Amino acid sequence: MSSITGFDFAKQVESEYPMDQIICRGRQVWPVLRNKYYIAADHRVASLNKTFTMKEAIREGRRLLNLRLGFPRRWRQTYEVVLFTSGDYSKETPAGFIDKNAHWLASAAAGDSPFLTVELPKKRSHTPEHRCVQKERISQDYWAMKAILATPVAREECANVEILEEIQERFGIQLADLKNLGVLFSLVDTIERALKRWAPKLLIVNCYYSMIHQAAIMAANRLGIPSIETQHGLISPASAAYTLFRPFERHALPDHIAVWGEQSLRVFHAKNHFIRQENIHIIGNGFLEEMAYTPPQVPEWLRARSQPYRRTVCIASQEIVDDEVLSLTSSAAKLDPDNLYIFLPRHAATIYPDHWFSENHINASGLNFYDLVRMADLHATVYSTTALEAPAMGIPNILLNIGGRSQEHLGDANLGFTKLVETPEDLASLVRTWALPSRETVREGHQQVFALDHRKRINACIAKLRASA
């Protein structure tokens, strides 16, 4: 069968089928299932139907130890704000690890009181508490285990699931709808009980379309607790997660969304039923804004290594195209011996052959991207979110348009101080000759993507949330 993007799949099925009539236990469920469907339909990416198996439970068994985090005290307290997030968004600062997207909003909304972080661990375990700025934490793995053990809903509890079966056959995908719905309602019921104990006035989620996060939104909705999502990546006109082609019940969708800058607003046009305009809040990003004025912490060996070179380029890995990235950048480095090219793997455990590297093209595995890029003069990637973040810290971008991917993913992102290259010769020439603006000029020119004055904007957002409660 021919390939279809997730966005085109969502548009097609929501235009052709009565998706609002798929009901389970009295609620429309397509807003929860759609994420699994459009990813499974886009055969260029991995299906999400790998979850909630007993085999996976055995392999992940050591995560049971995570359930000790915050138990039992933090389960019994009350909190002004509860944040559901992932350790993927926890980044190191001089003060300790902090949620780069949601910390400042959660902290300001909680005021003088602590807020509770319900965190999905990164790499199966949580960062030690003494290394975190936010101490009040429990593990989201409690609900991850609940998901594994959940039983399917009965078909008799659902209406019009044959629509889903027809779509699966038409697009050549396989998803366990009754099991996934069993997971959803099991999570909703148990999260509702937890929220009753915590009694928050606001629920924050970092990425609304995680099954656990949507269950948290549904539970909060039952209890009359407002919810807000914080932007965690590029929101573009091709973002299926943020484009609904017909209106649906909002019980599993966030009441509000906090975005980085004006550029994200173009997605939420009149024909998009995802959210009302008045419930969108531009708050910038506290982490990037503060990092821009914090000196980078890099090893002395790297500072010494970069000293002889005129310019330094930080190259952000993207895994699925790393061989092509390394081929392009290593060839450029050979053509440009006066400048240093630093490749930063996405995962420190990934091993790369030595033949890709040379005197002025080095592997900085294990280092912190945010420190490394602030030490550099230029940032290069294919289409990573780092292309949005680097200019927010004053670093111009070079997009490596391998296979047209930069153009596909970021071509309409309106990135200032960003240039596109196709070949090693183009890259080497640009690194040598680009008359770089000041970092402050880059940051100010990038405000459409990341608005400045995040503290002032967050306070305005909270005032609106309280006024609408």
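Residues numbered from 1 in each chain as written. Predicted model: local features only at pLDDT ≥ 70, side-chain atom pairs only at ≥ 80, totals over all residues. Heavy atoms only, no water.

K.L.:
What should I look at first to understand the nonpolar core in this one?
P.N.:
For soluble globular proteins, nonpolar side chains are generally found buried alongside one another. Core analysis: the largest hydrophobic core is formed by 75 residues, its most contacted members being F9, F84, W143, I191, W198 and F268. At ten residues, helix α8 (residues 177–198) tops the list of elements feeding residues into this core. Residues within four places of W143 in sequence aside, it is in contact with W75, F84, V118, I138, L187, T190, I191, A194, W198 and I212. Core analysis: the next-biggest nonpolar cluster, separate from the first, contains 51 residues, I283, V373, M375 and C461 among them. (Core = buried A, V, L, I, M, F, W, Y, C linked by side-chain atoms within 4.5 Å. Buried < 20%, exposed > 50% of the residue type's maximum accessible area, 1.4 Å probe, protein only. Helix = DSSP H or I, 4+ residues; strand = E, 2+ residues; numbered from the N terminus. Contact = heavy atoms within 4.5 Å.)

K.L.:
Can you walk me through the sheet that holds strand β8 (residues 158–159) in this structure?
P.N.:
Taken in spatial order, the three strands make up an open sheet running β2-β1-β8, and their pairing is antiparallel. Where the open sheet ends on each side, the last strands, each with one partner, are β2 (27–28) and β8. Here strand β1 (residues 23–24) pairs with β2 via two bridges, running antiparallel. Following the sheet pairing, I23 is matched in β2 by Q28. (Pairing = 2+ DSSP bridges.)

K.L.:
What's the story with the packing of helix α1 (residues 6–16) against helix α2 (residues 30–41) in this structure? I'm lost.
P.N.:
Describing two packed helices takes the angle between their axes plus the distance from one axis to the other. The contact between α1 and α2 brings their axes to 8 Å, and the two run at 130°. Taken together, the axes of α1 and α2 lie oblique to each other. Where α1 crosses over α2, the two elements pack in a sense that is right-handed. In this structure, α1 uses G6, F9, A10, V13 and E14 to contact α2, whose residues at the interface are W30, R34, Y37, Y38 and A41. A per-class count over the contact of α1 with α2 returns seven nonpolar, one polar and two charged. (Axes fitted to C-alpha atoms, helices over the stretch in contact; angles between N-to-C directions. Parallel < 35°, antiparallel > 145°, perpendicular 65-115°, else oblique. Left-handed = near helix turned anticlockwise from the far one by under 90°. Nonpolar A, V, L, I, M, F, W, Y, C, P; charged D, E, K, R; others polar.)

K.L.:
Whenever I open this one, the packing of helix α6 (residues 141–149) against α8 confuses me. Can you help?
P.N.:
Put simply, α6 and α8 touch, their axes get as near as 8 Å, and they point 145° apart. In the packing of α6 onto α8, the handedness of the crossing is right-handed. Packed against α6, whose contacting residues are W143, K146, A147, I148 and L149, the element α8 presents K179, V183, S186, L187, T190, I191, A194 and W198 at the interface. Here the residues of the contact of α6 with α8 are counted per class, giving nine nonpolar, two polar and two charged.

K.L.:
Please clarify how the state of the cysteines should be interpreted in this entry.
P.N.:
As used in these notes, a disulfide is a covalent bond between sulfur atoms, one from each of two cysteines. One pass over the structure, following the stated rule, counts zero disulfides. Cysteine C207 remains unbridged, with the sulfur of C461 as its closest cysteine sulfur at 18 Å. With a relative accessible area of 10%, C207 lands in the buried category. (Disulfide = S-S within 2.5 Å.)

K.L.:
Looking at this model, I keep getting lost on the packing of aromatic side chains. Mind explaining?
P.N.:
Applying the stated rule across the entire model yields 20 aromatic pairs. Here the aromatic rings of F369 and Y370 are separated by 5.1 Å at their centres, their planes lie at 80°, and the arrangement is edge-to-face. There is no split in this pair, since F369 and Y370 are both buried. An aromatic cluster of three or more residues is present, and its members are W75, F84, Y142, W143 and W198. (Phe/Tyr/Trp six-rings, centres within 6.5 Å; stacked < 30°, edge-to-face > 60°.)

K.L.:
What should I look at first to understand the confidence of the model for the chain in this one?
P.N.:
The predicted structure's coordinates, where accompanied by low pLDDT, should not be read in detail. Here the chain shows a mean pLDDT of 92. Residues at 70 or above account for 96%. Here residues 46–52 is modelled with pLDDT under 50, and outside its nearest four sequence neighbours on either side it reaches 18 contacts, counting other chains as well. (pLDDT = per-residue confidence, 0-100.)

K.L.:
What is the right way to read the environment of I398 from this model?
P.N.:
Position of I398 among the secondary structure elements: in strand β17 (residues 397–400). Owing to a relative accessible area of 0%, I398 belongs among the buried residues under this scheme. Sequence separation between I398 and L378 is 20 residues; the distance between their C-alpha atoms is 7.3 Å. Non-local contacts of I398, meaning those with residues more than four positions away in its chain, are made with L378, H379, A380, T381, K419, V421, L427, L430, V431 and W434.

K.L.:
I'm lost on the environment of I204 in this one. Help?
P.N.:
Summarising the element assignment, I204 is placed in strand β9 (residues 202–205). Along the chain, I204 and T117 lie 87 residues apart, while their C-alpha atoms are 9.4 Å from each other. Residues in contact with I204, not counting those within four places in the same chain, are V81, V82, L83, F84, A102, L105, A106, I228 and T230.

K.L.:
Is there a simple way to think about the pattern of salt bridges in this case?
P.N.:
Oppositely charged side chains can pair when the atoms bearing their charge come close. Applying the stated rule across the entire model yields 21 salt bridges. A salt bridge links R131 to E92; the nearest nitrogen and oxygen atoms lie 3.6 Å apart. Of this pair, R131 sits in the loop between β6 (116–120) and β7 (137–139) while E92 sits in strand β4 (residues 90–93), and the two are 39 residues apart along the sequence. Taking the relative accessible area as the measure of exposure, R131 reaches 36% and is therefore partly exposed. Here the residues in one salt-bridge network are R73, R74, E129 and E136, joined through shared partners. (Salt bridge = Lys/Arg side-chain N within 4 Å of Asp/Glu carboxyl O.)

K.L.:
Help me out: how do you make sense of the environment of P437 in this one?
P.N.:
Tracing the chain through its elements places P437 in the loop between α16 (424–433) and α17 (439–445). Taking the C-alpha atoms as reference points, P437 and N160, separated by 277 residues in sequence, lie 58 Å from one another.

K.L.:
Explain unusual backbone geometry to me, please; I cannot follow it from the model alone.
P.N.:
Looking along the chain, the bond that leaves F71 and enters P72 is cis, with omega of 0°. With respect to the helices, strands and loops of the structure, P72 is situated in the loop between α3 (54–59) and α4 (73–76). A positive phi is found at N160, a non-glycine position, where the angle reads about 65°. Position of N160 among the secondary structure elements: in the loop between β8 and α7 (162–171).

K.L.:
I keep staring at helix α12 (residues 322–335) and nothing clicks. Help me out?
P.N.:
For the α-helix, the turn length of 3.6 residues means that residues three or four positions removed from each other point alike. Look at α12: 20 Å from first C-alpha to last across 14 residues, which is about the 20 Å you get at 1.5 Å a residue. For α12, the full list of buried residues reads D322, V325, L326, L328, T329, S330, A332 and A333. Buried residues belonging to α12 abut β13 (312–316), β14 (340–344), β15 (361–363), β17 and α16. (Expected span 1.5 Å × (residues − 1).)

K.L.:
What exactly am I supposed to notice about empty space enclosed by the protein here?
P.N.:
To locate leftover empty space, one rolls a probe as large as a water molecule over the atoms. By the definition in use, this model includes five cavities of 30 Å³ or more. Each pocket or cavity is described by its volume, and for the largest cavity that value is around 130 Å³. If you trace the largest cavity, you find 14 residues lining it, with I98, D99, T117, E119 and Q134 closest to the centre. If you list the elements that add at least two residues to the lining of the largest cavity, you get β3 (81–86), β5 (96–99) and β6. Here the element with the most residues in the lining of the largest cavity is β5; it accounts for three residues. Classifying every residue of the lining of the largest cavity by side-chain character gives six nonpolar, five polar and three charged. Surrounding the second largest cavity, N285, L288, E289, A392, R443, F450, A451 and L452 form its lining. Class assignment for the residues of the lining of the second largest cavity results in five nonpolar, one polar and two charged. (1 Å grid on protein atoms, 1.4 Å probe; cavity = no way out; pocket = protein on both sides within 12 Å on 5 of 7 lines; lining within 4 Å. Points joined across faces, edges and corners; volume = space filled by probe spheres on them.)

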